[in-house]
Amino acid sequence: MARPKMLKLPEVLEEIEMSRAAFYRMRARGMAPKLIKLPNGQIRCRRSDLDAWWAEHEIAA
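What counts, and at which threshold
Residues numbered from 1 in each chain as written. Predicted model: local features only at pLDDT ≥ 70, side-chain atom pairs only at ≥ 80, totals over all residues. Heavy atoms only, no water. Pairing = 2+ DSSP bridges. Helix = DSSP H or I, 4+ residues; strand = E, 2+ residues; numbered from the N terminus. Axes fitted to C-alpha atoms, helices over the stretch in contact; angles between N-to-C directions. Parallel < 35°, antiparallel > 145°, perpendicular 65-115°, else oblique. Contact = heavy atoms within 4.5 Å. Core = buried A, V, L, I, M, F, W, Y, C linked by side-chain atoms within 4.5 Å. Buried < 20%, exposed > 50% of the residue type's maximum accessible area, 1.4 Å probe, protein only. Phe/Tyr/Trp six-rings, centres within 6.5 Å; stacked < 30°, edge-to-face > 60°.

If you check an unreviewed UniProt entry, the protein chain appears there as Excisionase from Streptomyces brasiliensis.

Given below as structure tokens:
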């Protein structure tokens, strides 16, 4: 079984076009994509979690 694709926080920020400060404010309000803290302290986001977040927050045009 293949491991899920994990994105680093800068990759997530680039994709959603948001600053780190704005992202953490959104995270504090519980509106950010799910993040995972690794044992070494680094933060990652599963590709599937980010895709689900995008789908949840799409606005019909």
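(A) Expanded view of the pairing of strand E3 (residues 43–46). Alignment of strand E1 (residues 6–8) against E3, held across three bridges, turns out to be antiparallel. Bridge assignment links Leu7 to a residue of E3, and that residue is Cys45. Relative to E3, strand E2 (residues 36–37) runs antiparallel, the two being bridged by two bridges. Within the sheet, the bridge partner assigned to Ile36 lies in E3 and is Arg44. Here E2 folds back onto E3, and the loop between the two strands holds five residues, one of which, Gly41, carries a positive phi near 95°.

(B) Spatial organisation of the packing of helix H1 (residues 9–16) against helix H2 (residues 20–28). The interhelical angle for the contact between H1 and H2, taken along N-to-C directions, is 95°, at an axis separation of 10 Å. Compared by their axis directions, H1 and H2 come out roughly perpendicular. In contact with Leu9, Pro10, Val12, Leu13 and Ile16 of H1, H2 contributes Arg20, Phe23 and Tyr24.

(C) Examining the sheet that holds E1 more closely. Pairing within the open sheet is antiparallel, and its three strands lie in the order E1-E3-E2. Across the chains shown, the open sheet's two edge strands, defined by having one partner strand only, are E1 and E2.

(D) Fine view of the nonpolar core. Core analysis: the largest hydrophobic core is formed by 12 residues, namely Leu7, Leu9, Val12, Leu13, Ile16, Phe23, Met26, Ala32, Leu35, Cys45, Leu50 and Trp53. Of the residues forming this core, the biggest block, four residues, is contributed by H1. Once residues lying within four places of it in the same chain are set aside, the contact partners of Trp53 are Ile16, Met26, Met31, Ala32 and Pro33.

(E) Inspection of the packing of aromatic side chains at higher detail. Summed over the entire model, instances satisfying the criterion amount to two aromatic pairs. Aromatic pair Phe23 and Tyr24: ring centres 5.8 Å apart, planes at 85°, arrangement edge-to-face. Using a relative accessible area of 0% as the deciding quantity, one classes Phe23 as buried. Considering the side-chain rings of Trp53 and Trp54, the 5.4 Å spacing of their centres and the 65° angle between planes classify their relative orientation as edge-to-face.

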